[in-house]
Amino acid sequence: MKQVTAIFRPIRLEAVEQALHALPHLPGFTILPAHGHPRGHGKDHSYIADEWNPDAHQHLVLVAFCSDEVVDEIVQAIEKAAHTGVPGDGIVAVAPLTDVLRIRTGERGDAAL
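We now turn to the structure provided with this report. (Residues numbered from 1 in each chain as written. Predicted model: local features only at pLDDT ≥ 70, side-chain atom pairs only at ≥ 80, totals over all residues. Heavy atoms only, no water.)

1. Considering the pattern of salt bridges
Should their charged atoms come close, side chains of opposite charge can pair.
Okay, step 1: Enumeration according to the criterion identifies four salt bridges in this entry.
Okay, step 2: Here K2 ties to D68 by a salt bridge, and the two come within 3.6 Å at their closest N and O atoms. You can see K2 sitting in strand β1 (residues 2–8) and its partner D68 sitting in the loop between β3 (58–66) and α2 (71–82), a full 66 residues away along the chain.
Okay, step 3: In this structure K2 comes out as partly exposed when scored by relative accessible area, which is 23%.
Okay, step 4: Residue classification places D68 among the partly exposed positions, given a relative accessible area of 40%. (Salt bridge = Lys/Arg side-chain N within 4 Å of Asp/Glu carboxyl O. Helix = DSSP H or I, 4+ residues; strand = E, 2+ residues; numbered from the N terminus. Buried < 20%, exposed > 50% of the residue type's maximum accessible area, 1.4 Å probe, protein only.)

Structural data, given as structure tokens:
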């Protein structure tokens, strides 16, 4: 089992949702608003504090739990849908899950997904 966490631009939300809904094994997912602090802003870049635009750093965080067999297609769908080619497109991370419990039914592991 895996946890997929994706951080991407809000303007790409509809495309990401459509890409995930088009998959044969739609994972359940949750989307949360996020305010990011991008890497690389500092002494080696032309970032100036007076130019800070908080709206430019608004992103969304998507969290999905899935089986090992479908993780690659989920990551690829998110990557393709969230891509604009501009710095700040986001990031996708995959982490192993040791267990999952569905609260309503008490199912655990892959059965809970």
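2. A word on the sheet that holds β3
Okay, step 1: Spatial ordering of the open sheet is given by β2-β3-β1-β4, a layout of four strands whose pairing is antiparallel. The outermost strands of the open sheet, each flanked by one partner alone, are β2 (29–35) and β4 (90–96). This sheet shows a mean twist of 20° between the axes of neighbouring strands, independent of strand direction.
Okay, step 2: The sheet contacts of helix α1 (residues 13–21) involve β1, β2 and β3, and relative to β2 the element is tilted by about 160°.
Okay, step 3: Contacts between α2 and the sheet are confined to β1, β3 and β4, with β1 contributing the most and set at about 5° to the helix. (Pairing = 2+ DSSP bridges. Axes fitted to C-alpha atoms, helices over the stretch in contact; angles between N-to-C directions. Contact = heavy atoms within 4.5 Å.)

3. Section: the side chain of D89
Okay, step 1: Relative to the helices and strands, D89 is located in the loop between α2 and β4.
Okay, step 2: Owing to a relative accessible area of 14%, D89 belongs among the buried residues under this scheme.
Okay, step 3: A distance of 2.3 Å separates polar atoms of two side chains, one belonging to D89 and the other to T84.
Okay, step 4: If we ignore the near neighbours within four places in the chain, the residues touching D89 are I7, F8, R9, A82, H83 and T84. (Polar contact = N/O pair within 3.5 Å; in protein donor to acceptor, adjacent residues only side chain to side chain.)

4. Digging into the environment of T84
Okay, step 1: Relative to the assigned elements, T84 resides in the loop between α2 and β4.
Okay, step 2: Under the relative-accessibility criterion, T84 is labelled partly exposed at 32%.
Okay, step 3: A C-alpha to C-alpha distance of 8.6 Å links T84 and R12, two positions 72 residues apart in sequence.
Okay, step 4: If we ignore the near neighbours within four places in the chain, the residues touching T84 are R9, R12 and D89.

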